[in-house]
Amino acid sequence: MAQKETMTVNMGPQHPSTHGVLRLVIELDGEIIDKITPHIGYLHRGIEKLSEHRTYHQALPLTDRMDYLAPMSNNLGYVLAVEKLLGVEVPERAKTVRVITAELTRLKSHLVWLACHALDIGAMTVFLYCFREREKVMEIYEKLSGARMTSNYYRVGGLSADVYAGFEKDVQEIIDTFPGFFDTYEGLLTKNTIWLQRTVGNGVISAEDAIDAGITGPALRGSGVDWDLRRDNPYSGYEKYSFKVPVGEKCDTFDRYKVRLVEMREAVKIISQALNDLKPGPVLADLPQVCYPPKENVYNSIEGLIHHFKIASEGFAAPEGEVYQGVENPKGELGYYLVSDGSNKPYRMRVRPPSFVNLSAIEKMAKGSMIADLVAVIGTLDIVLGEIDR
Amino acid sequence: MVDMAENNRAVIKLRERFAADIVEVKEFRGEVTVTVTKNNIVEICNYLKTALGYNLLTDVTAVDYLGKSPRFQVVYNMYSIPSKDRLRVKAQVEEADATIDSVSGVWSSANWLERETYDLFGITFAGHPDLRRILMTDDWVGHPLRKDYPLQGPDREPYKGRLS
């Protein structure tokens with residue numbers, strides 16, 4: 001009598017292909033995955049709790065520490081939510097710069113995804129190339145905000161400062177050179193036999209199951225669901241730009257790879273349109289109750305100094321109410337649900353984490369496949385543990 | 001602005017079928033929030049998903065209104081991919097009976113989201129297939145997002161600013 005016997009294998013929390021501190025307890029029948037139990041929370045910093053004790057301006061730097069591969073996209077969702085709560089209109093130039101930087105962030109995040117995904121499967125060259133290109137985006141980040149990762153560049157009502165001299169030139173260089181780099185990656189991977197064997201038919205999840213599991217973003221579009229918040233519920237002026245929303249057909253890892261590569265090309269197109277659209281003007285709303293005063297006033301007049309002190313220490317009171325703002329992050333739908341009791345601090349700030357919900361589908365995607373394919377499934381989900389654990 | 005909320009297609013349908021459960025309908029910044037009692041939450045969610053097309057459960061969370069009655073509101077943010085609109089349903093949960101039926105049978109995405117709400121708020125989801133803590137460790141005492149849980153943790157002095 002043959003008897004089924006399973007073996008339990010622990011993977012992580014320190015494992016190179018878990019992209020952070022993720023621990024998976026896997027039950028194996030031979031080499032076939034029978035059950036996966038993820039254990040998360042190793043990076044839990046209580047960001048939602050912390051934000052309840054900070055003013056709206058002070059809670060902003062917490063947000064770019066969640067998805068540290070796409071900090072500006074996180075900031076964008078938060079400032080949009082607060083602006084919605086306040087009913088504030090942002091100047092046109094600030095909106096356009098936000099779109100450019102958010103799309104640069106998408107490139108940055110997708111480059112890390114491709115690099116690590118390829119490295120997990122064994123393609124080291126792509127990893128090195130992607131990090132080389134990511135560095136160019138990081139340089140723009142550093143010039144804009146002084147930081148390579150924790151940008152904190154946006155403000156409620158606009159931007160912390162206008163772009164530096166030469167920003168347009170740097171962005172134009174990305175527009176000109178990046179499509180060629182994407183060709184290189186595709187040349188290395190799309191028809192690569194090893195790549196195809198590892199990704200085609202791997203991690204299949206049907207459109208219906210994907211929606212049921214709450215998967216959003218490129219992972220959902222890879223399953224053939226034509227839905228993108230930037231197009232369907234536009235924010236920050238995305239309705240002005242034309243771009244394609246790629247969808248997959250076979251719902252597997254290879255289709256999700258194709259979707260993300262097209263998304264990178266489309267991001268470059270959006271950046272190009274937005275850069276042409278960039279007109280001189282103010283980058284911060286004229287709202288002394290909410291926004292910080294210009295630095296020259298702070299340094300040269302007592303009124304400006306008092307104003308700055310008041311905004312920095314006390315902040316502003318938001319009207320009583322609750323809002324939800326979802327943005328299309330590189331990982332999926334990132335949502336901020338803010339509840340205000342009329343004071344100067346959020347009564348409750350809830351972050352709807354895309355990676356957290358996407359990860360919950362891992363068992364559905366990997367069950368029945370070989371254990372070696374699990375790293376490809378983790379890679380294709382494109383998770384960031386900083387945002388899963390918050 | 002009440003008219004706009006009342007004209008919402010989901011609100012009209014919910015008023016027809018679940019009139020006894022609806023506590024309040026509110027509209028703020030173009031977003032519609034329906035507050036309901038917790039008794040028929042699974043039926044309401046099932047109806048919203050199957051009949052009204054809210055096929056994507058974006059988020060489940062809770063808000064702790066310490067000192068008010070009912071103390072907790074469990075918040076369901078849902079989205080309809082076919083008609084591209086959002087709806088927020090809130091269910092009232094009393095502190096004395098901090099339990100509500102799980103909607104993980106309606107949308108499987110509720111599984112982890114309800115676990116997180118249980119972990120951080122201590123609200124029990126009846127009928128949940130796997131209700132364990134998810135972000136905190138299994139042996140953690142207390143529920144950190146409750147308003148009466150101190151920011152610095154239960155066993156430390158509150159931060160009083162820099163000493164120098």
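We now turn to the structure provided with this report. (Residues numbered from 1 in each chain as written. Chains lettered and ligands numbered in written order. Predicted model: local features only at pLDDT ≥ 70, side-chain atom pairs only at ≥ 80, totals over all residues. Heavy atoms only, no water.)

Observations concerning the interface of chain A and chain B
Across the contact, 50 residues belong to chain A and 44 residues belong to chain B. With both chains or domains summed, chain A and chain B bury close to 3,800 Å², and 57% of this area falls on carbon and sulfur atoms. The largest per-residue losses of area from chain A upon contact with chain B belong to Lys49, Glu322 and Tyr347 of chain A, which jointly make up 17% of the total buried on that side. Linking chain A with chain B are ten salt bridges. (Contact = heavy atoms within 4.5 Å. Buried area = accessible area lost by both parts, 1.4 Å probe. Salt bridge = Lys/Arg side-chain N within 4 Å of Asp/Glu carboxyl O.)

Examining the sheet that holds strand β2 (residues 31-37) of chain B
All names here are of chain B. One open sheet holds the five strands; their spatial order is β1-β2-β5-β4-β3, and the pairing between them is mixed. If you trace the sheet from one side to the other, it starts and ends with β1 (22-28) and β3 (56-64), each paired once. The average undirected angle you get between the axes of adjacent strands in this sheet is 20°. For β2 and strand β5 (residues 85-93), the ladder comprises five bridges, and the chain directions are parallel. Note on β5: the bridge partner recorded for Thr33 is Arg88. (Pairing = 2+ DSSP bridges. Helix = DSSP H or I, 4+ residues; strand = E, 2+ residues; numbered from the N terminus. Axes fitted to C-alpha atoms, helices over the stretch in contact; angles between N-to-C directions.)

So, the nonpolar core
Core analysis: the largest hydrophobic core is formed by 165 residues, its most contacted members being Tyr78, Leu107 and Leu374 of chain A together with Leu48, Tyr76 and Met78 of chain B. Examining the composition of this core, we find that 13 residues originate from one element, helix α4 (residues 92-121) of chain A, more than from any other. Each of two domains, domain 1 (7-39) and domain 2 (47-388) of chain A, supplies a minimum of three residues to this core. Residues contacting Leu48 of chain B, with those up to four places away along its chain left out, are Ala10, Leu14, Gly53, Tyr54, Met78, Leu87 and Val89 of chain B. (Core = buried A, V, L, I, M, F, W, Y, C linked by side-chain atoms within 4.5 Å. Buried < 20%, exposed > 50% of the residue type's maximum accessible area, 1.4 Å probe, protein only. Domains from an automatic or database assignment.)

Digging into the sheet that holds strand β3 (residues 32-39) of chain A
All names here are of chain A. If you walk across this open sheet you meet the three strands as β1-β2-β3, and the pairing is antiparallel. A single partner strand is all that each edge strand has here, and the edge strands are β1 (7-11) and β3. Across the sheet, the mean angle from the axis of one strand to that of its neighbour is 20°, orientation sign disregarded. Direction of pairing for strand β2 (residues 23-29) relative to β3: antiparallel, over a ladder of seven bridges. Pairing of Asp29 across the sheet is with Ile32, part of β3.

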